[in-house]
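# Inside the fold
If you want the building blocks of each chain, they are given just below.
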Amino acid sequence: MNRLSASGVKDAFGTTVLGERVYYLETVASTQDVARRMAEENAPEGTLVAAGVQEKGRGRGGRSWHSPRGGVWASVVLRPRGDIPVNLVVLSGALAAAKAVRKASGLPAVIKWPNDCVVEGRKIAGILGETCGDALVVGFGINVNLKPGDFPGGLSGRAASIFSETGVESDETLVLGETLRVFEDCYLKINRGGASEVLWEIKCLSSVLGKPVSVEWRGREHSGMAVDIEADGSIILRLDSGLLMKFQQGNLKCSLP
Ligand code: BTN
């Protein structure tokens, strides 16, 4: 990624809050951990930490996140007004990543509950939302210019990048800027009580609604039809038994996302 500057992000992409302060590190263990530390030290809302390479990138559920050069690896500090539906904010991060991927490449990127952005079933971006005292730290991992050989063996076939799908290099800073612009718009709406518009957009770009899926939660797998996403970011399944079941978290499997 190009070296970032506050003016680079805020002026070029028209964000008003996100990118208030920008820290760019060539190599870091995890931007999420740096942003969390900054949040604990009272960093203002909009503080952004981005890196060229992460050596210990973290994903949801304690998984690692492979982050060689060629991706957007960035975490932002938010200071919501009060109670905010964290899972909806995370989904709006996936919406923002999907829109940025679409804009950069024309690829049909969609949202996969609870935090993924996928292209034809392969994961191209993941969002990590973590509360940290009063702050919320949201991390974006977007595979932009990773080459097929950059993905470790275990991920092959399941992960994608804009480059692996199009054969064309994209500007990582532009992808980050567009992601932040859309995400800021969603976040400000959610924070000001206007979540329904954001939820509508998430549902429109969701790959799983109306599809047979299964959600693994606390070691059990629940199968059914994904029928709705609610304002708190949870998903509703109509189980094969006919019962409706709501999941706030879980791992979702879908045969054809
Ligand atoms: C997931 O899909 O499990 C979420 C992946 C989130 C990865 C990003 S990359 C920037 C930030 N720093 C991290 O260590 N993780 C997040």
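Rules of the game
- Residues numbered from 1 in each chain as written.
- Predicted model: local features only at pLDDT ≥ 70, side-chain atom pairs only at ≥ 80, totals over all residues.
- Heavy atoms only, no water.
- Phe/Tyr/Trp six-rings, centres within 6.5 Å; stacked < 30°, edge-to-face > 60°.
- Buried < 20%, exposed > 50% of the residue type's maximum accessible area, 1.4 Å probe, protein only.
- Helix = DSSP H or I, 4+ residues; strand = E, 2+ residues; numbered from the N terminus.
- Core = buried A, V, L, I, M, F, W, Y, C linked by side-chain atoms within 4.5 Å.
- Contact = heavy atoms within 4.5 Å.
- Near = heavy atom within 4 Å.
- Polar contact = N/O pair within 3.5 Å; in protein donor to acceptor, adjacent residues only side chain to side chain.
- Areas by Shrake-Rupley, 256 points an atom, 1.4 Å probe, with all protein chains shown as cover.
- Pairing = 2+ DSSP bridges.
- Axes fitted to C-alpha atoms, helices over the stretch in contact; angles between N-to-C directions.

### A look at the packing of aromatic side chains
A full pass over the atoms with the stated rule returns two aromatic pairs. Here the aromatic rings of tryptophan 65 and tryptophan 73 are separated by 6.5 Å at their centres, their planes lie at 80°, and the arrangement is edge-to-face. For the residue pair tryptophan 65 and tryptophan 73, the accessibility class agrees, reading buried in each case. With 5.1 Å between their ring centres and 75° between their planes, phenylalanine 140 and phenylalanine 183 make a pair best called edge-to-face. Of this pair, phenylalanine 140 sits in strand S7 (residues 135-143) while phenylalanine 183 is found in helix H5 (residues 172-191), placing the two residues 43 residues apart along the sequence. Since its relative accessible area comes to 4%, phenylalanine 140 is described here as buried. Classification of phenylalanine 183 as buried rests on a relative accessible area of 0%.

### Digging into unusual backbone geometry
With an omega of 5°, the peptide bond between tryptophan 113 and proline 114 qualifies as cis. Within the secondary structure, proline 114 sits in the loop between strand S4 (110-112) and strand S5 (116-119). The backbone of asparagine 42 sits at a positive phi, close to 70°, despite the residue not being glycine. With respect to the helices, strands and loops of the structure, asparagine 42 is situated in the loop between helix H2 (31-40) and strand S2 (48-54). Positive phi, close to 50°, is recorded for arginine 218, a residue that is not glycine. Mapped onto the elements, arginine 218 comes out in the loop between strand S8 (212-217) and strand S9 (220-229). For arginine 218, a relative accessible area of 72% translates into the label exposed.

### Considering the nonpolar core
If you look at the biggest cluster of nonpolar residues, it comprises 62 residues, and the most contacted ones within it are Leu78, Val138, Phe183 and Ile235. Top element by residues in this core is helix H3 (residues 86-105). It accounts for eleven residues. With near-sequence residues (within four places) excluded, phenylalanine 183 lies in contact with Leu18, Val76, Leu78, Val89, Ser92, Gly93, Ala96, Val138 and Phe140. Within the second largest apolar cluster, twelve residues are counted, among which are Ala39, Ala43, Val77 and Cys132.

### Overview of the site of the ligand
Around the ligand, the structure places 21 residues, and the nearest of them are Ser30, Gln54, Arg58, Arg60 and Lys123. Take threonine 31: an N or O atom from its side chain is 3.1 Å from a nitrogen atom of the ligand. In this structure, glutamine 54 approaches the ligand through a side-chain N or O atom, which is 2.8 Å from a nitrogen atom. For the ligand, whose unbound accessible area comes to 410 Å², protein coverage reaches 98%. Secondary structure elements with two or more residues in the shell around the ligand: H2, strand S3 (71-78), strand S6 (122-132) and S7.

### Quick word on the sheet that holds strand S12 (residues 251-254)
The strand order S11-S10-S9-S8-S12 describes an open sheet built from five strands, whose pairing is antiparallel. Looking at which strands have only one partner, the edges of the open sheet turn out to be strand S11 (244-247) and S12. When the angles between neighbouring strand axes are averaged without regard to direction, this sheet yields 45°. In this structure, S9 lies alongside strand S10 (residues 235-239), joined through five bridges in antiparallel fashion. Opposite alanine 226, over in S10, you have leucine 237 as the bridge partner.

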